[in-house]
Amino acid sequence: MIRIGITGHRALPPDVDADVTDLLRAHLAPYGRAMVGLSCLADGADTAFAETVLGTGAPLEVIVPASGYRASLPAEHHGTYDRLLAGAARIHDLGHTASSPEAHMAAGRLLVDRSDQLIAVWDGLPARGPGGTADVVAYARSLSRPVTVLWPQGARR
């Protein structure tokens, strides 16, 4: 079993979100059930990845950065988050209270540490805040963890 983690942008425009979902499906298709997916289940790339992993019948592990994490996500995402969390084969709760950049970076580090490879749905730009996609990619690369960057050509967030 290969363990594949996801990091990526949130709040993607609908057309970018659809293209990202297509890229993730194509990338993950060869693995089928021979993978374990790791995600924090944020709206955007994390959710598209988790949906794709579960759609193949592969197990999903979820990393919860903080007890306040769900509340920090958009209200319209709570139902999706709850459904995906309920479908997780394993949940890693980091024990932080506040859903802070530090908690998010700790979650990103654990995700990378527990993965054989990382998928980054990333436009290549610097992180908008500590613990963002670029920071998780930098951490993975510092460990020589394979990183596959997926981003629709010409897309903007």
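All figures in this text were calculated on a predicted structure; none of them were measured in a lab.

> When you look at the overall build of the chain in this model, what are you seeing that I'm missing?
Tallying secondary structure elements over the chain gives six helices and six strands in all. Start at the N end of the chain and walk to the C end: the helices and strands fall as β-α-β-α-β-α-α-β-α-β-α-β. The C-alpha radius of gyration of the chain comes to 14 Å, within 12% of the 15 Å expected for a compact globule of 157 residues. Considered along the principal axes of its C-alpha atoms, the chain spans approximately 35 × 35 × 30 Å.

> Sorry if this is basic, but what is going on with the sheet that holds strand S5 (residues 117-121) here?
Pairing between the strands of a sheet is mediated by backbone hydrogen bonds and can be parallel or antiparallel. Ordered in space as S4-S3-S2-S1-S5-S6, the six strands form an open sheet in which the pairing is parallel. In this open sheet, the two edge strands, each paired with only one partner strand, are strand S4 (90-96) and strand S6 (147-150). Taken over all neighbouring pairs, the strand axes of this sheet differ in orientation by 20° on average, direction set aside. With four bridges joining them, S5 and S6 adopt parallel strand pairing. Each residue of the ladder has a partner; that of Ile 119, found in S6, is Thr 148. Here helix H6 (residues 133-142) sits on the sheet and contacts strand S1 (2-8), S5 and S6; the angle it forms with S5, its principal contact strand, is near 155°.

> I keep staring at the pattern of salt bridges and nothing clicks. Help me out?
Pairing between side chains of opposite charge can happen when the charged atoms of each approach one another. Overall, the coordinates contain five salt bridges when judged by the stated rule. Between Asp 82 and Arg 70 there is a salt bridge, with its nearest N and O atoms 2.7 Å apart. One end of the pair, Asp 82, is in helix H4 (residues 78-86); the other, Arg 70, is in helix H3 (residues 69-72), and twelve residues separate them in sequence. A single network of salt bridges, built from pairs that share partners, joins Arg 3, Glu 61 and Arg 114.

> Any chance you could explain H6 here in plain terms?
Along an α-helix, a turn takes 3.6 residues, which lines up residues three or four apart on a common side. Taken as a whole, H6 has its buried residues at Thr 133, Ala 134, Val 136, Val 137, Tyr 139 and Ala 140. Buried residues along H6 sit against S1, helix H5 (101-113), S5 and S6. Ser 144 sits one or two positions beyond H6 and adopts a positive phi of about 60°.

> Hey, could you run me through the packing of aromatic side chains in this one?
What describes a pair of aromatic rings is the distance from one ring centre to the other and the angle between the planes of the rings. Counted by the stated rule, this structure contains one aromatic pair. Directly above the ring of Tyr 139 sits Arg 109, whose terminal nitrogen or CZ lies 6.0 Å from the centroid.

> It is not clear to me how the nonpolar core should be interpreted in this structure. Could you clarify?
Across soluble globular proteins, nonpolar side chains have a tendency to be buried as a group. Within the largest apolar cluster, 41 residues are counted, with the highest numbers of intra-cluster contacts made by Leu 24, Phe 49 and Ile 119. When residues in this core are grouped by element, the largest group, five residues, is from helix H2 (residues 45-56). Phe 49 has contacts with Ile 4, Gly 5, Ile 6, Leu 24, Leu 28, Gly 37, Leu 38, Ser 39 and Ile 119, leaving out every residue within four places of it along the chain.

Reading the values: rules and limits
Residues numbered from 1 in each chain as written. Predicted model: local features only at pLDDT ≥ 70, side-chain atom pairs only at ≥ 80, totals over all residues. Heavy atoms only, no water. Helix = DSSP H or I, 4+ residues; strand = E, 2+ residues; numbered from the N terminus. Rg over C-alpha atoms; globule rule 2.2 N^0.38 Å. Pairing = 2+ DSSP bridges. Axes fitted to C-alpha atoms, helices over the stretch in contact; angles between N-to-C directions. Contact = heavy atoms within 4.5 Å. Salt bridge = Lys/Arg side-chain N within 4 Å of Asp/Glu carboxyl O. Buried < 20%, exposed > 50% of the residue type's maximum accessible area, 1.4 Å probe, protein only. Phe/Tyr/Trp six-rings, centres within 6.5 Å; stacked < 30°, edge-to-face > 60°. Lys NZ or Arg CZ within 6 Å of the ring centre and 35° of its normal. Core = buried A, V, L, I, M, F, W, Y, C linked by side-chain atoms within 4.5 Å.

Purely spatial values, then, with no claim about function.
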